[in-house]
Amino acid sequence: MGTRPLLRLTFILFIIILLFTCSWYSLNLPVFSDPPQATSWLCNSESRVFAHLGSVLETEIHKPRDHMEDVPHHPLDPLTMREIYKVRTILSTYPPLLPSFPAIHSLSLDEPHKDLVLKWKEGDPLPPRKALVIALLNGQSHVLCVDLDLGLVTSNKINHGSGYPMLTMNDISVAMQVALSHKELNKSTIKRGISLSDLTCITPSAGWFGPDEEGRRIIKVQCFSNQGTPNFYMRPLEGLTMTVDIDKKEVVKFTDTGGGIPIPKGTDTDYRFKSQKEPPRMKPINPISIEQPLGPSFTVEDGHIVKWANWEFHLKADQRAGIVISRAMVSDSETGVPRSVMYKGFSSELFVPYMDPDENWYFKSYMDAGEFGMGATALSLVPLNDCPRHSYYMDGIFVSWDGKPYVQPSIICLFERYAGDISWRHSEIPVNGFNIREARPKVSLVARMAASVGNYDYIFDWEFQTDGLIHVAVALSGMLMVKGTPHQTADQTPNQEAASGPLISENLIGVVHDHFITFHLDMDIDDTNNTFVKVNLVKEETLPGQSPRKSYLKAKRNTAKTEDDARIKLKLYEPSEFHVINPSRRSRLGNPAGYKIVPGRNAASLLDHLDPPQLRSAFTNNQIWVTPYNRNEQWAGGLFTYQSKGDDTLAAWSKRNRAIEKKDIVLWYTLGFHHIPCQEDFPIMPTVSSSFELKPVNFFESNPILKEAPMFEKDLPVCRPATSA
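Cut-offs used in this document
- Residues numbered from 1 in each chain as written.
- Predicted model: local features only at pLDDT ≥ 70, side-chain atom pairs only at ≥ 80, totals over all residues.
- Heavy atoms only, no water.
- UniProt positions renumbered as here; feature names shortened; annotations may be inferred.
- Pairing = 2+ DSSP bridges.
- Helix = DSSP H or I, 4+ residues; strand = E, 2+ residues; numbered from the N terminus.
- Axes fitted to C-alpha atoms, helices over the stretch in contact; angles between N-to-C directions.
- Patch = residues over 30% accessible without salt bridge, like charges linked within 9 Å, V, L, I, M, F, W, Y side chains within 5 Å.
- Areas by Shrake-Rupley, 256 points an atom, 1.4 Å probe, with all protein chains shown as cover.
- Salt bridge = Lys/Arg side-chain N within 4 Å of Asp/Glu carboxyl O.
- Buried < 20%, exposed > 50% of the residue type's maximum accessible area, 1.4 Å probe, protein only.
- Contact = heavy atoms within 4.5 Å.
- Core = buried A, V, L, I, M, F, W, Y, C linked by side-chain atoms within 4.5 Å.
- Arc of directions from axis to C-beta.
- Expected span 1.5 Å × (residues − 1).
- Disulfide = S-S within 2.5 Å.

The protein chain appears in an unreviewed UniProt entry as Amine oxidase from Populus tomentosa. In its Catalytic activity (unreviewed entry) section, the UniProt record describing the protein chain reads: "a primary methyl amine + O2 + H2O = an aldehyde + H2O2 + NH4(+)". Under the UniProt heading Sequence similarities (unreviewed entry), the note attached to the protein chain is "Belongs to the copper/topaquinone oxidase family."

## A word on the sheet that holds strand β7 (residues 240-245)
An order of β5-β6-β7-β8 is seen for the four strands of this open sheet, with the pairing classed as antiparallel. The sheet is open, and its two borders are formed by β5 (199-202) and β8 (250-256), each paired with just one other strand. Mean inter-strand twist for the sheet, computed between neighbouring axes without regard to direction, equals 25°. As paired elements, β7 and β8 share six bridges and run antiparallel to each other. Bridging across to β8, Thr241 finds its partner in Thr255.

## Some remarks on a nonpolar patch on the surface
The grouping of Tyr418, Met711 and Leu716 at the surface amounts to a nonpolar patch, some 260 Å² of accessible area in total. Residue position: Tyr418 is located in the loop between β16 (405-417) and β17 (422-428). On the basis of relative accessibility, which here comes to 33%, the residue Tyr418 falls in the partly exposed class.

## Some thoughts on the sheet that holds strand β1 (residues 103-109)
Read across the open sheet, the four strands follow the order β1-β2-β3-β4; overall the sheet is antiparallel. Either end of the sheet is taken by a strand with one partner, and the two such strands are β1 and β4 (152-158). Taken over all neighbouring pairs, the strand axes of this sheet differ in orientation by 20° on average, direction set aside. Here strand β3 (residues 140-147) pairs with β4 via six bridges, running antiparallel. When the bridges of β4 are listed, Leu144 appears paired with Asn156. Contacting β1, β2 (130-137), β3 and β4, helix α2 (residues 81-92) crosses the sheet at an angle of about 120° to β3.

## Considering the nonpolar core
Counting 112 residues, the largest nonpolar core has Leu521 and Phe532 as its most contacted members. Here this core takes seven residues from helix α4 (residues 169-180), the largest share from any one element. Residues within four places of Leu521 in sequence aside, it is in contact with Met342, Lys344, Gly345, Trp462, Ile597, Val666, Leu667, Tyr669, Phe692 and Leu694. Judged by nonpolar contacts, the second largest core, of 22 residues, contains Leu79, Leu107, Leu109 and Val146.

## Structural notes on helix α5 (residues 183-191)
Among the residues of α5, Leu185, Ser188 and Thr189 are the ones counted as buried. Buried residues along α5 cover an arc of 95° about the axis, so they all sit on one side. In α5, the exposed positions angled more than 90 degrees off the buried face are occupied by Lys183, Ile190 and Lys191. Elements that come into contact with the buried residues of α5 comprise α4, β5, β6 (218-225), β7 and β8.

## Things to note about α2
Over its twelve residues, α2 runs 17 Å from end to end, which matches the ideal 16 Å to within 8%, given 1.5 Å per residue. For α2, the full list of buried residues reads Met81, Glu83, Ile84, Val87, Ile90 and Leu91. In the core, the buried residues of α2 are packed alongside β1, β2, β3, β4, β15 (392-399) and β16.

## Describing the state of the cysteines
Within this structure, the stated rule accounts for two disulfides. Linked covalently through their sulfurs, Cys201 and Cys223 form a disulfide whose S-S length is 2.1 Å. One disulfide, between Cys201 and Cys223, carries an S-S torsion of 95° and so falls in the right-handed class. Here the residue Cys201 occupies a position in strand β5, and Cys223 occupies one in strand β6, the gap between them amounting to 22 residues. Here the two residues Cys201 and Cys223 agree in accessibility, since each one is buried. Paired by a disulfide, Cys387 and Cys413 hold their sulfur atoms 2.1 Å apart.

## Comments concerning the side chain of Arg616
By secondary structure assignment, the location of Arg616 is in helix α7 (residues 612-616). Not counting chain neighbours up to four residues away, the residues in contact with Arg616 comprise Gly207, Trp208, Ser365, Met367, Glu371, Thr641, Tyr642, Gln643, Ser644, Lys645, Gly646 and Thr649.

## Considering unusual backbone geometry
Of note, the amide linkage connecting Leu98 to Pro99 takes the cis form, showing an omega dihedral of 10°. Within the element layout of this structure, Pro99 appears in the loop between α2 and β1. The step from Phe682 to Pro683 runs through a cis peptide bond, and the omega angle for that step is 0°. Looking at the secondary structure, you find Pro683 in the loop between β31 (665-675) and β32 (685-697). The backbone phi angle of Asp268 is positive, close to 60°, even though this residue is not glycine. Structurally, Asp268 is set in the loop between β8 and β9 (299-301). Given a relative accessible area of 64%, Asp268 falls into the exposed group. For Ala309, which is not a glycine, the phi torsion comes out positive at approximately 50°. Here Ala309 is to be found in the loop between β10 (305-308) and β11 (311-318). By relative accessible area, Ala309 is classed as exposed at 61%.

In structure tokens:
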């Protein structure tokens, strides 16, 4: 290999390491919106000329924020940069980890015990600040608790179960260097007519498939051609896979079975706006946004406490979970007193299995949160495109493999949404003397994060409504993971039924796959004394002569006593409602206060329960689980997900069949997608979404938004398009 390719390869590796390990302070990306100006209003409009804009990143620039002076104000506030540096100092002198400093795979707040958080009031001293550290040293995974007040390690446990910690960017960088220096890779690329300098490689996780790969941390490496396009995902070197031992820094297996499969062309794969040579074949849409002449209605206090309308909650970024909502409370519509709804909610795991048994595909069964981290893969949101005007942007303070903090800027945005939806309405035809036209606009508050886990982008929305409802949505976009094929049209495919997916472009198969997102929902309805109730809709037949009706539906309540009673598989023809109630908090009519989970679009895993990927992701065997609260049971795929066998997952914990009636309980909900790709998904997918709702049931005495004011023309600025000269 010549000098120039080597230099280019070295430069690419340097850039990869730089992007993911440095502080990011030098990046001029959005952090916080400027304060809204209420003193003046300017409304103008200019025609959007297609060729004038370069990149959506040019839409808005904010100054980066210095986090070195941050201090915690709330028991659940994430570790500050100073606290992270202190943890690193403590670990550097801890004898069991000497003489070398371990690789840090996770370093986050060890949240105080729940009872301490619930008792804490603003102005009280904070509970002791502690850090939970997962470190890897000499092949052993250590779980350490570091007391920042005492300045010492108070606990050090070594994992003796299956699995390894979440991958670090250093692990990925090492795997890339090992793979790209492997001689067989150079030979394979030359056979395909390209050079190493034209490669972009990725590191799919290895999964777990038996004893052959046990006892060592391995990762797969697959490569693509980046010639002529930044969308290298559409140009795979099909059949080429390297298995790398991360710790020994060696290729343990090299496979190349794709010699007869051409590299797909890069034509029309560049999705960037500046690369589009012609305008879309549609009538242009005029610029649109909602305007807030008095500024947003929400406030963010002490960096993490969000207050809006009748809601208050704690919001933070987490390196593994992404976005975390805690201590969500809504004001009582009669008294105004805040009432507890949810102690903590977040996406606990994201399972993505691909449906191809081929040697180069069978292992693709990702556990994105536990293997890569949803927060760690979240990049800065794009103003006006990811988030509207007047959004508030929040940073993530995360930790690199060497134990040093770094900033992921603007990975969460907070904004008010009004899309013309109706909150409630009724009109009366004036035949009875009433001439009524009553309607209320639906304005909601959204907390959003987007994780770019390799080719896929996952957009998470937590939307709060004034009627007490929480709407949780996940949207998917990004690029398909495609498989190279010698065929250019469907007619050329000898046996389309045997293919792992449909042809989506010339020489490209979109492999069928699933997405399952499991949410941890620690519901505290008016306290921790909660019960799970399944309300079944059952068909009843009328007695002869009883009624002209033959049948009707009746709601029958069934209280779940144990975990077994609360395992739910959704069934269209066996409809039910699923309530979390507080039996000790009753309405004036005697109904227990509660919330129900309302499923939206969903899908169930169809894999064999003994299939290795499904063993690891057995938490997707049901759409709903309920477990007693346990601060050590937060990750549905287990604390150590990477290469795990599934022996420490939600499904394993639930086998104990613990009592859950009148307990502090956690509701787990899995939403899913079956994805059969199509041509419209090429070269980049339009978003597809699914959601669920947490809706009040007898929580309020009556409609909590009855007294909301309607919107009037005088409340809004006059904004009209400019008249043409």
